[in-house]
Amino acid sequence: MCYFVNSKLTKEVDEMTIPHLFRCPISLDLFQDPVTLCTGQTYDRPSIEKWLAAGNLTCPVTMQKLDDPALVPNHTLRHFINQWLQMGNQFDPDYLETIGSLASLKHTLESHEVTLKSKVQALEKIRALSQSEPPSTSNFFLQLGFLPLLLELVFGGEEAKHKQKQKLELPQECYYIKFVEDALSCTLILLPHGKLESLNMLREESKLASFQALFAHGTALIRMSLCRLIEVTSTSPETKELCYMFGKNHQLLHRISVQLLQQNSNSEAADAGIKAISALSSLEENREILVRQGVVNGLITYINSSTERRERSVAPLAIATLEKLLRLESAKEAVINYNNNNNNNNNLNGVHALVKKLFRVSDDHQSSESAVGCLIILCNDSLLAREEAISGGVLTQLLLLLQSQCSGRTKTKARMLLKLLRRTN
């Protein structure tokens, strides 16, 4: 086995203080050949190979089960250590200060002796650094394993376990909430630069249970962050299985539909819920379960509120998601029966809500095409849907749409819908 540090340089190491992050978590010696596991943790190759050879199938630091035992060379950390060794006492003090600062922050988060208040302060510094410093700083956070550490702290750390076992005193309760909010915020900042498979830790039963508990009892900000994590899982083949697991989690889907879309006055939280539902619906296997858990009612409620109160930026996404779900008969029935399943003071049913989205001057026609598509699907086989559409003013809306500057494709669909409506006469 070849090591990247030559003997001359290693002799000089004893004369320098080794930064904490340049030490292997197992041997506590300077990394000679740093390699990273699928958990994001880095070890010296001889040390981790010995650990694995002993029959251990977990990450030594996080104790997370290894789905993939592959060892990936950590070239970035190797480069930093080589620079540090070659420059010795001439090494850029600002750079060493950064390394020391990151080491201190990581130690604070990992320590079981540090208070929640101190950990919150550490997270605030991490967030400030990752947002204001050059992109290389975010990469350094990732190479040093901050992403899996943050996920472990939120969903599997001692703080989460302690919170689940007993009720914290008020000051501690406040710090715990702030701790989770900040840890999730830092996670979402780092995720675009990191490997999404780190999220697969949530496939573990205990961590998925923590996810559900946070969604059930967390603040609006926590729920919004969790929705964003759900959204991210749909963007990569590496997290497809996790996206599917979220999609078949009945309790989670019910909470998104009811707490965020139907009973929530917080528009930002509702927007996050729509994005999460749209992400889950990208997997065809999830769609039937989404409908069974009341997601269609949540979408209609959201679409209606975006018409009555304000035009929301993700209203087009909500209607496009509904159009995907309407390929299922159960979704069609849910839209048509929406008025019967909900106590609407305005007597507005699902079909009427879609009719109102056909033509909106302030909407720039973003929702029009999907709204027409939804109504074509509904009216094609249902006389009741056609009657409801006509009573809701669909003919006027379509004529306005055809005279507008909408796309040719939208106008073609509008003409198709007009032909369908003729069957009612």
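Thresholds applied
- Residues numbered from 1 in each chain as written.
- Predicted model: local features only at pLDDT ≥ 70, side-chain atom pairs only at ≥ 80, totals over all residues.
- Heavy atoms only, no water.
- Helix = DSSP H or I, 4+ residues; strand = E, 2+ residues; numbered from the N terminus.
- Contact = heavy atoms within 4.5 Å.
- Areas by Shrake-Rupley, 256 points an atom, 1.4 Å probe, with all protein chains shown as cover.
- pLDDT = per-residue confidence, 0-100.
- Pairing = 2+ DSSP bridges.
- Buried < 20%, exposed > 50% of the residue type's maximum accessible area, 1.4 Å probe, protein only.
- Polar contact = N/O pair within 3.5 Å; in protein donor to acceptor, adjacent residues only side chain to side chain.

## Here's the deal with the overall build of the protein
Helix and strand counts for the protein stand at 24 helices and three strands. Residue pairs at least 24 apart in sequence account for 68% of intrachain contacts in the protein once pairs closer than 6 positions are excluded. Carbon and sulfur atoms provide 49% of the accessible area of the protein, an area that totals close to 20100 Å².

## Some details on the confidence of the model for the protein
The pLDDT averaged across the protein works out to 84; a share of 82% of its residues lies at or above 70. Per-residue pLDDT stays below 50 along residues 340-345; that stretch engages in five contacts with residues further than four places along the chain or on separate chains.

## What about the sheet that holds strand S1 (residues 34-36)?
Overall, antiparallel pairing links the three strands, which are arranged S2-S1-S3 in an open sheet. Across the chains shown, the open sheet's two edge strands, defined by having one partner strand only, are strand S2 (42-44) and strand S3 (72-73). Here S1 runs beside S3; their pairing, made up of two bridges, is antiparallel. By the bridge assignment for S3, Val35 is matched with Pro73.

## Points about the side chain of Glu369
Examined against the element boundaries, Glu369 turns out to sit in helix H21 (residues 368-381). With relative accessibility at 18%, the residue Glu369 sits in the buried group. In terms of polar contacts, Glu369 uses its side chain to reach the side chain of Arg409, at 2.7 Å. If we skip the residues at most four places from it in the chain, Glu369 touches Ser407, Arg409, Thr410 and Lys413.

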